[in-house]
Structure formats: C-alpha cells, structure tokens
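Residues per chain are reported as follows:
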Amino acid sequence: MKLGIFGGSFDPVHNGHLLLAGSARDQLTLEEVWFLPAASQPLKPQGLVASERDRLAMLELALVGQDGFKADPIEYERGGVSYTVDTLREIRQLHPEAELFFLMGADSLADIAKWKSPEEILALATLAVVHRPDAAKLDYSVLEEFTTSERIGQCRAVQIEMPPMAVSSSEIRRRILSDESGWEDSVPEEVAEYITMKRLYQSDV
C-alpha cells in the first residue's frame with residue numbers, strides 16, 4: 001500500500017489542505033492519505049487554539065466523500081509532544097508492508113535540521129515536498145547531512161506540484177476573531193457551519 005502521511009495542526013482544516021492532499025494522491029498514485037492532527041507541536045510553542053476534539057471533528061467533516069482520505073487520531077492517543085519520527089515509527093510497526101510518503105511544505109523542508117531524528121524520518125518515509133509555481137525552487141541540499149544522495153533523489157522524484165492557493169489557518173482565525181466576512185470560502189461548507197455553531201476562534205484567549 002502506498003500511504004501518504006499528512007500531519008499538522010489543522011486549526012482549522014481548510015481548502016488548501018484538501019488541495020495538497022488531493023494533488024499528492026493523484027500525482028503519487030497513493031491509495032490512502034491519512035490526516036494526523038497534532039496533539040502538541042514542538043515548533044509551535046504558542047500552542048493550538050481549538051481543542052483536539054474540535055479539530056478532529058472538523059477534519060472528519062471535511063473528509064466526508066473524499067476518496068482515500070481519513071483522519072487518524074494517533075497523535076492524540078499517544079499524547080505529549082507530537083514528534084514526526086515517533087508517529088512514523090508507530091505507523092511502520094502497525095503497517096510494515098506500507099510504503100510511506102510524508103507530505104510536507106517547503107518551510108518544513110528548510111527546517112528539517114530542527115526536527116527530532118531527521119535521519120530516521122528519512123529512513124522510515126520518503127519526503128514528498130510541495131512546490132508551487134509561484135515559489136522558489138526547493139532546496140534539497142538541506143538533506144545531505146542526514147541521508148544518501150540516492151535517498152534525496154527519491155524525494156526529488158516525488159515532489160508534489162500544487163497550484164497557488166493563498167489560504168492559511170492563522171489567517172482564517174484572524175478573520176474570524178476580527179469578525180471579517182468571507183473566511184467561510186476558505187473551508188469546506190460543513191467546517192464553516194461547525195465553526196459558527198461552536199463559536200470557535202471568536203476569542204484570542
């Protein structure tokens with residue numbers, strides 16, 4: 001099984017997340033893409049905004065009818081800080097037959113040296129990095145101290161091409177907090193309804 005692993009805050013999940021996952025699924029012929037909302041992210045010390053339950057609920061709403069997509073609470077269930085290497089180890093133990101592709105953005109690639117055990121991450125999964133036509137060329141040289149040139153070539157070969165989409169979870173939260181209209185267009189309809197019903201992101205506390 002070719003399995004895409006997509007981790008993140010998803011605070012909230014938005015249309016850009018779905019476009020990224022769909023681009024990866026189609027271009028890499030992935031059988032499944034698992035969305036793994038983080039319990040706590042080591043590189044985001046300011047913390048998350050919505051609760052684990054709300055972020056998972058929004059993900060599940062967003063993925064209804066999306067072929068091959070599913071939300072997995074593996075990092076919630078483990079608890080503590082969500083290190084990618086720990087998640088990949090657990091998935092590898094549960095699914096030793098799967099070929100793992102870890103979906104990541106260009107910013108994450110640039111910061112890979114700050115991650116826990118990047119050498120093991122690269123051994124457990126092939127990095128599938130997203131590139132947009134309006135962005136600079138991806139710099140894979142940051143991987144040279146952690147793996148072989150052959151492995152870097154494998155990562156280059158599965159680079160994901162994605163059209164530009166100017167949307168971010170932080171901007172959606174800002175617009176909701178500021179009572180600005182139009183943010184609903186950036187998320188699936190069911191997610192917008194959930195956010196409104198639960199009154200999420202309407203306070204900066």
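Everything in this summary refers to the structure shown in the same document. These numbers come from a predicted model, not from an experiment. The residue count restarts for each chain, going from 1 along the sequence in the order it is written. A pLDDT threshold of at least 70 governs which residues receive local features in this predicted model, and a stricter bar of 80 or more applies before side-chain atom pairs are shown or counted, although totals over entire chains, interfaces and linings include all residues. For the side-chain quantities, the full set of heavy atoms in the structure was used; hydrogens and water were omitted.

Here we look at the packing of aromatic side chains
To describe a pair of aromatic rings, you give the distance between the ring centres and the angle between the ring planes. Pairing of aromatic rings covers Phe, Tyr and Trp, the last counted by its six-membered ring, and requires centre-to-centre distances within 6.5 Å; plane angles under 30 degrees mean stacked, over 60 mean edge-to-face, and any other angle means tilted. A complete count under the given rule lists five aromatic pairs for this structure. With centroids separated by 5.7 Å and ring planes inclined at 50 degrees, the aromatic side chains of F10 and F35 adopt a geometry described as tilted. One end of the pair, F10, is in the loop between β1 (2–8) and α1 (15–28); the other, F35, is in strand β2 (residues 32–37), with 25 residues separating them in the sequence. Exposed residues in this analysis have more than 50% of their type's maximum accessible area, buried residues have under 20%, and partly exposed residues fall in between, with area computed by a 1.4 Å probe over protein chains only. By relative accessible area, which is 3% here, F10 ends up buried. Counting from the N terminus, the helices are DSSP H or I runs at least four residues long and the strands are E runs at least two residues long.

Let's talk about the pairing of strand β5 (residues 126–131)
Among the six residues that make up β5, six are buried, leaving the element largely enclosed by the rest of the structure. Where burial is concerned, the two faces of β5 agree: the one with T126, A128 and V130 and the one with L127, V129 and H131 are both buried. One ladder, built from four bridges, connects strand β4 (residues 99–104) with β5; its direction is parallel. In the strand pairing of β5, L103 is matched with A128. When DSSP locates at least two bridges between a pair of strands, those strands are taken to pair. Looking at chain direction, β5 and strand β6 (residues 160–161) are connected through two bridges and run parallel. By the bridge assignment, H131 is partnered in β6 with E161. Note on handedness: a crossover is taken as right-handed if, strands pointing away from the viewer, the path from the first strand over the helix to the second is clockwise. The parallel pair β5 and β6, bridged by helix α7 (residues 149–157), forms a crossover whose chirality is right-handed.

Distances and angles like these do not, on their own, reveal function.
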